[in-house]
Amino acid sequence: MKFLALAAAVASTTVASVSADFECGTDAISVANCDGLRDMYEKLGGDDWTDNAGWGTGTEVCTWDRLLCDDDTNPTILETIDMGVEDARKQQDGNNLTGDPSKVNWSLFPDVVNLELGKNSLTGNVPEVDGMASIAAMYVGQNQLTKIKKFAKAGSATLSKLNFEDNAIKGKLPKQLFDGRFPLLDIISGSRNKLKGTLPVLPEGLKVFRFADNRFECVGCLLYTSDAADDLLCVD
């Protein structure tokens, strides 16, 4: 690989940035996404990813590991960043991502529809995606994230599916998730975290609300229960 290794600083030695040798192809998709991919690679430990073939080598980004473009034969956009699993029930592996995903400038990916970062070792905040103009689904489950407030405050005009199950997110479930900042959000899953407090008033149009195994003050949980598989589910 052509990347410079990220090493710990020793005495006065200057640590080289991975971005120095990071190159993308010259096609339109590569040029449009290069800054974002470089930022993601550098901040989420790209040198140590399980699958990173092609990254930063100057080839077309649609050929890089874990990136999916909208059409294999004549792609026009980078559609999916597939760095993990999108459903905790699937027996898939992540990609050994580390670091705080909220440090990545996700607004550099205006065409990405699916952001899958599950089953890795990410810490810190659920990433804000308000600058991702096309984002529809984000899965960050099965990590070690602890905060969601910044994400909730930022909002998203296009996000419809959010899953942050199996993390260590603490505090109250932010009311901003349900106050109109996510007008298309109809599936939200946050089971097996450390959330507490009273439950929010759920907006009309919400199809799935999965929050089992948290620490809510839950009186009458069956209020959110339905026999329909795609309807609201009990939180505790």
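Residues numbered from 1 in each chain as written. Predicted model: local features only at pLDDT ≥ 70, side-chain atom pairs only at ≥ 80, totals over all residues. Heavy atoms only, no water.

### Side note on the overall build of the protein chain
Step number 1: Counting secondary structure elements, the protein chain contains 2 helices and 13 strands.
Step number 2: A burial count over the protein chain gives 44% of its 236 residues as buried.
Step number 3: In the form shown here, the protein chain has an accessible surface area of approximately 11400 Å², with 49% of it arising from carbon and sulfur atoms. (Helix = DSSP H or I, 4+ residues; strand = E, 2+ residues; numbered from the N terminus. Buried < 20%, exposed > 50% of the residue type's maximum accessible area, 1.4 Å probe, protein only. Areas by Shrake-Rupley, 256 points an atom, 1.4 Å probe, with all protein chains shown as cover.)

### Points about the packing of aromatic side chains
Step number 1: Within the structure shown, the criterion is met by 12 aromatic pairs.
Step number 2: An angle of 70 degrees between the planes, with centres 6.3 Å apart, marks the rings of Phe 211 and Phe 216 as edge-to-face.
Step number 3: An aromatic cluster of three or more residues is present, and its members are Phe 22, Tyr 41, Trp 49, Trp 55 and Trp 64. (Phe/Tyr/Trp six-rings, centres within 6.5 Å; stacked < 30°, edge-to-face > 60°.)

### A few points about the state of the cysteines
Step number 1: Applying the stated criterion to the full structure yields 2 disulfides.
Step number 2: A disulfide bridge connects Cys 24 with Cys 34, and the sulfur atoms are separated by 2.1 Å. When the S-S torsion is 85 degrees, as for the bridge of Cys 24 with Cys 34, the disulfide is right-handed. On the criterion of sequence distance, the pair formed by Cys 24 in the segment before α1 (28-43) and Cys 34 in helix α1 is long-range, its members being 10 residues apart. You'll find Cys 24 and Cys 34 in the same group, each marked buried.
Step number 3: In this model, Cys 62 is linked to Cys 69 through a disulfide, with the two sulfur atoms separated by 1.9 Å. One quick way to see it: the torsion about the S-S bond of Cys 62 and Cys 69 is about -90 degrees, and its sign makes the bridge left-handed.
Step number 4: Since its relative accessible area comes to 11%, Cys 69 is described here as buried. (Disulfide = S-S within 2.5 Å.)

### Description of the environment of Pro 110
Step number 1: Within the secondary structure, Pro 110 is located in the loop between β3 (98-99) and β4 (114-116).
Step number 2: For Pro 110 and Ile 77, which are 33 residues apart along the polypeptide, the C-alpha to C-alpha distance reads 9.4 Å.
Step number 3: Those residues in contact with Pro 110, other than ones at most four positions away along the chain, are Ala 133 and Ser 134. (Contact = heavy atoms within 4.5 Å.)

### Examining the confidence of the model for the protein chain
Step number 1: In the predicted model, the protein chain carries a mean pLDDT of 83, and the fraction of residues at 70 or more is 80%.
Step number 2: Mean pLDDT values for the elements of the protein chain range from 84 in strand β13 (residues 215-216) up to 98 in β3.
Step number 3: The low-confidence segment residues 1-18 (pLDDT under 50) makes 32 contacts with residues lying over four places distant or belonging to another chain. (pLDDT = per-residue confidence, 0-100.)

### Some points on the environment of Cys 69
Step number 1: Mapped onto the elements of the fold, Cys 69 is located in strand β1 (residues 67-69).
Step number 2: Along the primary structure Cys 69 and Glu 79 are separated by 10 residues, whereas in three dimensions their C-alpha atoms are 4.9 Å apart.
Step number 3: If near-sequence neighbours (up to four positions away) are discounted, Cys 69 is found in contact with Ile 29, Cys 62, Pro 75, Ile 77, Leu 78 and Glu 79.

### Regarding a positive patch on the surface
Step number 1: On the surface, a cluster of positive charge is made up of Lys 170, Lys 172, Lys 194, Lys 196 and Arg 215.
Step number 2: Its place among the elements puts Lys 170 in strand β9 (residues 170-172).
Step number 3: According to the relative accessible area criterion, Lys 170 is exposed, its value standing at 53%. (Patch = residues over 30% accessible without salt bridge, like charges linked within 9 Å, V, L, I, M, F, W, Y side chains within 5 Å. Salt bridge = Lys/Arg side-chain N within 4 Å of Asp/Glu carboxyl O. Lys, Arg positive; Asp, Glu negative; His and termini not counted. Charge placed at Lys NZ, Arg CZ, Asp CG, Glu CD.)

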